[in-house]
Protein chains: 2
Amino acid sequence: MKEDIPTEEIQRLRITDIARLAGVSPGTVDRVLHNRGHVSPEKRAKIEAIIEKLDYRPNVFARSLSVKKAMRFVSLIPNFETTGYWDYIRKGINKAQKEISDHRIIIEHYFFDQYDNRSFHDATKKVLAKLPDAVIFSPVFIEESIVFAQKLEQKNIPCVLVDSNVETINCLAYYGQHSLKSGYTAAHLLFTGLPPGNAVLLTRSVRPDGVGSNQAVLREQGFMTYVKEKKIRKNYQIVRLDLHSSNTENNLKRLKTVVGKCTVPVSGAVIFSSKVYRLVDDLVKLKLKGVRVIGYDELPQNVAALKTGHVSYLIAQRPEMQGYLVVKDLLKQLVYKQPTHRTNYVPVDILTKEIVDEYLQFNQRLNE
Amino acid sequence: MKEDIPTEEIQRLRITDIARLAGVSPGTVDRVLHNRGHVSPEKRAKIEAIIEKLDYRPNVFARSLSVKKAMRFVSLIPNFETTGYWDYIRKGINKAQKEISDHRIIIEHYFFDQYDNRSFHDATKKVLAKLPDAVIFSPVFIEESIVFAQKLEQKNIPCVLVDSNVETINCLAYYGQHSLKSGYTAAHLLFTGLPPGNAVLLTRSVRPDGVGSNQAVLREQGFMTYVKEKKIRKNYQIVRLDLHSSNTENNLKRLKTVVGKCTVPVSGAVIFSSKVYRLVDDLVKLKLKGVRVIGYDELPQNVAALKTGHVSYLIAQRPEMQGYLVVKDLLKQLVYKQPTHRTNYVPVDILTKEIVDEYLQFNQRLNE
DNA sequence: AATTAAAATGTGGACGTACACAAATGGAAA
DNA sequence: TTTCCATTTGTGTACGTCCACATTTTAATT
C-alpha cells in the first residue's frame, strides 16, 4: 500500500528569503526575476541558482496586487440576436473578465452580423482605431479575418481566435472544437445501428452568398470522411439540402421537395449548425417520424428538442469555456509572460436526453 | 444589431472608498463585511447600503494576501496501486493544492485499500487523531463512512465527499457523477441499434465479501432502470457475471462458462468499473468478436482498448476535476465563507475512439 | 459630577511583490 | 588625488485587505 504523504512545508520561499541567501537586496532579486538587467553576472548566477534549487514560485496574489500596468482587451464576435450561441461565448469572456478585473484588465465588446461580412469589416475598423493591447475574435469570415489579422500585426497588436480556427493567422492562441472530428463524430453517432437501405438528410445553413460558415464547412468535411471510410453510400442514400438563414417558409418547401424525391424512407438527419430546432420543427410539420436527428450546441430550444426525443444527440463544444479560456490565455501570456499552446481543442461533448441536465448545471455552476 | 459595449470603470471600489462615502473608518467597514459585530445599527445600515448599491466586491488578491489563518486539510481516498483511477483524483487535489498554496493551506494525503474495509477504518483513526480543519474523503464503504462522518461531526470537523455520494452523510459538499444516470446512459449506448435476439453480458467487479462498490451498485441500478423502461428483456438475453478483483484466471474460467451457457451469440457487454481493459482481454482470449463493449473511466489501458475498437464507448467522469473542485469548494466555504451547493454532479462524458485524444489533452492542459 | 465598564470606532502594521528613485561602487579621465 | 559618469545595488512605498490593538464615545452606576 502506498504510504501516507506527510505534511508539506508551510512557509513558502519569498523574494526576501532569496535575497538573504544570496547576500543581496530584494531589488536585485527582482531584477533577475524580470530580466530587467543591471545585475552583475556573478550575482545573477548566484540568484538564479538559488531560485532553481529551491524551486521559487512567486506568490500570485502579491504579484497581482502590486502589478500596476492596466490592459485593454477588445472582443469581436457575432452579435447574439440571431442565435443564442454567441451569447455563451460572451458570457465566458465576461466571467473571465470579472475574475481578472482585479488585474486592472478591461475588456470592450464589439459585435458584427455573422451573415454580413461588411459589418465585420466595419467593426474591425473601429477595433483598430481603439489600439487595444490585444484582440479576441472569431474568424467567421476567413478572407476578411486574414486581412484583419495582418493589420493587427502591423500595429503590433496580438490576437487570439475563438470558436473557429484559421491556420494561417498568426495569433497567440486558438480555442475551439476540432471541427473535422466533430463532424466525423456526428456521422459515427448517426450511422451506428441505423437500419440500412434508408435515406439520410444532410442539411447545411448557408449565408446569403451561398457559402457556409468556416466551421460548418469543416464539420461537413469530417462527416464525409466517415462516409467515405465506412463506405456508407453502399447502404444509405445521402440527400443534401441547403437552408437559408432567412425565409423560413421557403426552407420548409425545399425540405418537402427533397424528401419527396427520396425513393426510400428518411431515417436520419444531421445539421452542421445550432439550428437543429428549426430543422426539427420542419420535420414535425412534414409529419416525418422516427428520424434520428443530430445537431450542434446546447441552446435551450435544442435541449428541449433533445428531451422530447426529436433530437437524438446534440454535439456540444463548451462555448462559455472557450470564451473564458481565451481570456485567461491572454492573461497568462501578456501579464505573466508564461508560454501557452497555439491550438487548443475543446472536447467534443456528446449529449443525450438523460445526461443533458447535469451537463448544463455543471457548466452553469462553473460560472458562479 | 446589439450595440457595442463601452469601456467599464477602470478603478474598482475599495474598502477605503466605502469608508469615505459612509463617513467612517476602514476598520468599521471591515467589521460589517465580516459580521464581526461592534458596529452601531445606523452605520451598519449605511455601509451595507453603499456596498449593495455600488456592488462592492473585494479584491481577491489583496484578501488572499492578508488572510493569516493557515488551514490543514486531509484527504482520504483509496491507494492508487490497483487501478490508476484514484490517481487522477489525487492529481486534481494536488493541482488545487498548488493553486491555493499561497493561501497557506496544506493538504495531507491518507490512503486505504478499496477492497479492505479494515484498512479504511484504520486510516480514519489516524485522520481523526490529526484534528484537521476539514476532511476530503470517498465513501467507498457506506456503513464505515457513515460512522466516520459521525465521529468527524462530534469533533466539529467538516468534510466533503468525492467520487461517490452517501445522501445521509452531513457534509459540506459532494462532487461526483450521478451514478444512476451514468448507468442508464451505458444502457442507452449499449442497446441503441444493437441487433435484437442476442445476449448481453452484464459484468460486475465485486470485493472479497461479494459486494460491489457503492458506485458500481448504483450504476447497475441505473442500467436496469433502462432495461425495464424499454422492455429490453423482450429482445435480449441478459447474462450476469461477477468478477473478483484478484484471481484473474478464475475470472476467465467463469466468463467461459457463462458465455457457453448462452443460447444466442453475445453481442454486447458492459462493466460498471474501470476494469474494462481486463474484460476485453478475456473476451479476446475467448475469441469473441464483434461485441459492443462499454466501460468506465479514461485509464490508459481503457483508452488503448477504445482506440483498437475493442471498446465502443467509455463513460468518463473527470476525476481530476472532481478532486480539484472539492478542494476549491472547501476554500470557498471555509476561507471565503461563501455558500456552495451540497450535491454537485459532474457530467457523464461519452468518449469514442475519434474524440478521446482531444478529451485527454484538454483535461491535461487544464492542469498545467 | 465623577467613575467605570462596555460598546463603538479608529489606527497602523503585515501579507509578498513591483517599481521608482536613491545610494553606492568602480573605473576612467583630468 | 579628485572629478565625473556609468553601472550596479539598495531602499522605501504602494497595492487592498485583515486584524490586533488603541482610542473615543456612550451608558450605567456611584
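No experiment lies behind these values; they were computed from the predicted model shown. (Residues numbered from 1 in each chain as written. Chains lettered and ligands numbered in written order. Predicted model: local features only at pLDDT ≥ 70, side-chain atom pairs only at ≥ 80, totals over all residues.)

(A) A look at the pairing of strand β3 (residues 134-137) of chain A. All names here are of chain A. Here β3 shows two buried faces, one formed by A134 and I136 and the other by V135 and F137. In this structure, strand β1 (residues 71-78) lies alongside β3, joined through four bridges in parallel fashion. By the bridge assignment, F73 is partnered in β3 with A134. Two elements, β3 and strand β4 (residues 159-163), share three bridges in a ladder whose sense is parallel. Note that in β4 the partner of V135 across the bridge is C159. (Buried ≥ 20, exposed ≤ 12 C-beta atoms within 10 Å, placed from the backbone. Helix = DSSP H or I, 4+ residues; strand = E, 2+ residues; numbered from the N terminus. Pairing = 2+ DSSP bridges.)

(B) Spatial organisation of the relation of the copies chain B and chain A. Placing chain B over chain A gives an RMSD of 0.3 Å and needs a rotation angle of 180°, together with 0.1 Å of translation along the axis. The transformation relating the two chain copies, once decomposed into turn and shift, fits a two-fold axis. Of all interface residues in chain B, 100% are interface residues in chain A too; the two copies therefore contact each other through one and the same surface. (Least-squares fit on C-alpha atoms with pLDDT ≥ 70 in both. Contact = placed C-beta atoms within 7 Å.)

(C) A look at the sheet that holds β1 of chain A. Residue and element names in this part refer to chain A. An order of β2-β1-β3-β4-β5-β11 is seen for the six strands of this open sheet, with the pairing classed as parallel. Every other strand in the sheet has two partners, leaving β2 (105-112) and β11 (343-346) as the edge strands with one partner each. With direction set aside, neighbouring strand axes in the sheet form an average angle of 15°. Judged from the four bridges that link them, strand β5 (residues 173-177) and β11 form a sheet pairing that is parallel. (Axes fitted to C-alpha atoms, helices over the stretch in contact; angles between N-to-C directions.)

(D) Molecular detail of the protein's contact with DNA strand D. With respect to spatial proximity, 28 residues lie near DNA strand D, and among them S25, G27 and S66 of chain A together with A62 and S66 of chain B are the closest. Grouping the constituent residues of the surface near DNA strand D by class yields eleven nonpolar, eleven polar and six charged. (Near = placed C-beta within 6 Å. Nonpolar A, V, L, I, M, F, W, Y, C, P; charged D, E, K, R; others polar.)

(E) Inspection of the domain arrangement of chain A at higher detail. For chain A, the assigned domains read domain 1 (15-58), domain 2 (71-176 + 319-346) and domain 3 (179-316). Look at where the C-alpha atoms of domain 1 of chain A and domain 2 of chain A centre, and you get two points 36 Å apart. (Domains from an automatic or database assignment.)

(F) Layout of the protein's contact with DNA strand C. DNA strand C sits among 29 residues. The nearest are A62 and S66 of chain A together with S25, G27 and S66 of chain B. The set of elements that each furnish at least two residues to the surface near DNA strand C consists of α1 (15-22), α2 (26-33) and α4 (60-66) of chain A together with α2 (26-33) and α4 (60-66) of chain B.

(G) Layout of the packing of helix α11 (residues 276-285) of chain B against helix α12 (residues 300-308) of chain B. Residue and element names in this part refer to chain B. Contact pair α11 / α12: the axes reach a minimum separation of 8 Å and the direction vectors enclose 45°. Here α11 lies oblique to α12, going by the angle between them. Contacts between α11 and α12 pair V276, Y277 and V280 from the former with Q301, N302 and A305 from the latter. Residue composition of the contact of α11 with α12, grouped by class: four nonpolar, two polar and no charged. (Parallel < 35°, antiparallel > 145°, perpendicular 65-115°, else oblique.)

(H) Spatial organisation of the interface of chain B and chain A. Tallying the contact residues gives 50 residues for chain B and 51 residues for chain A. Residues of the side of chain B that touches chain A, tallied by class, amount to 22 nonpolar, 15 polar and 13 charged.

(I) Representation of the pairing of strand β2 (residues 105-112) of chain B within the structure. All names here are of chain B. Counting buried positions along β2 gives six out of eight residues, so the element sits mostly inside the fold. Across eight bridges, the pairing between strand β1 (residues 71-78) and β2 is parallel. Following the sheet pairing, I77 is matched in β2 by F111.

(J) Region of the structure containing the packing of α2 of chain B against helix α3 (residues 41-53) of chain B. Residues and elements named next belong to chain B. It is the contact of α2 with α3, at a shortest axis distance of 10 Å, that shows an interaxial angle of 80°. Considering the angle they form, α2 stands roughly perpendicular to α3. Contacts from T28, V29 and V32 in α2 reach K43, R44, I47 and E48 in α3. Across the contact of α2 with α3, the residue classes tally to three nonpolar, one polar and three charged.

(K) Inspection of α2 of chain A at higher detail. Residues and elements named next belong to chain A. When we look at burial in α2, the residues that qualify are T28, V29 and V32. All buried residues of α2 fall inside an arc of 100° around its axis, so they share one side. Structurally, α2 contributes buried residues whose contacts are with α1 and α3 (41-53). (Arc of directions from axis to C-beta.)

(L) Looking closely at the nonpolar core. L76, I136 and V160 of chain A together with V160 of chain B are the most contacted members of the largest nonpolar core, which totals 178 residues. Residues contacting L76 of chain A, with those up to four places away along its chain left out, are Y110, F112, A123, V127, V135, I136 and F137 of chain A. (Core = buried A, V, L, I, M, F, W, Y, C linked by C-beta atoms within 7 Å.)

(M) The sheet that holds strand β8 (residues 266-271) of chain A, seen in detail. Residues and elements named next belong to chain A. Strand order in this open sheet of six strands is β7-β6-β8-β9-β10-β12, and the pairing throughout is mixed. Looking along the sheet, the strands with just one partner apiece sit at the ends: β7 (237-244) and β12 (349-351). Across the sheet, the mean angle from the axis of one strand to that of its neighbour is 20°, orientation sign disregarded. Judged from the three bridges that link them, β8 and strand β9 (residues 292-296) form a sheet pairing that is parallel. Looking across to β9, one finds that G268 is bridged to R292. Across the face of the sheet, helix α11 (residues 276-285) comes into contact with β6 (199-206), β8 and β9 while running at roughly 155° to β9.

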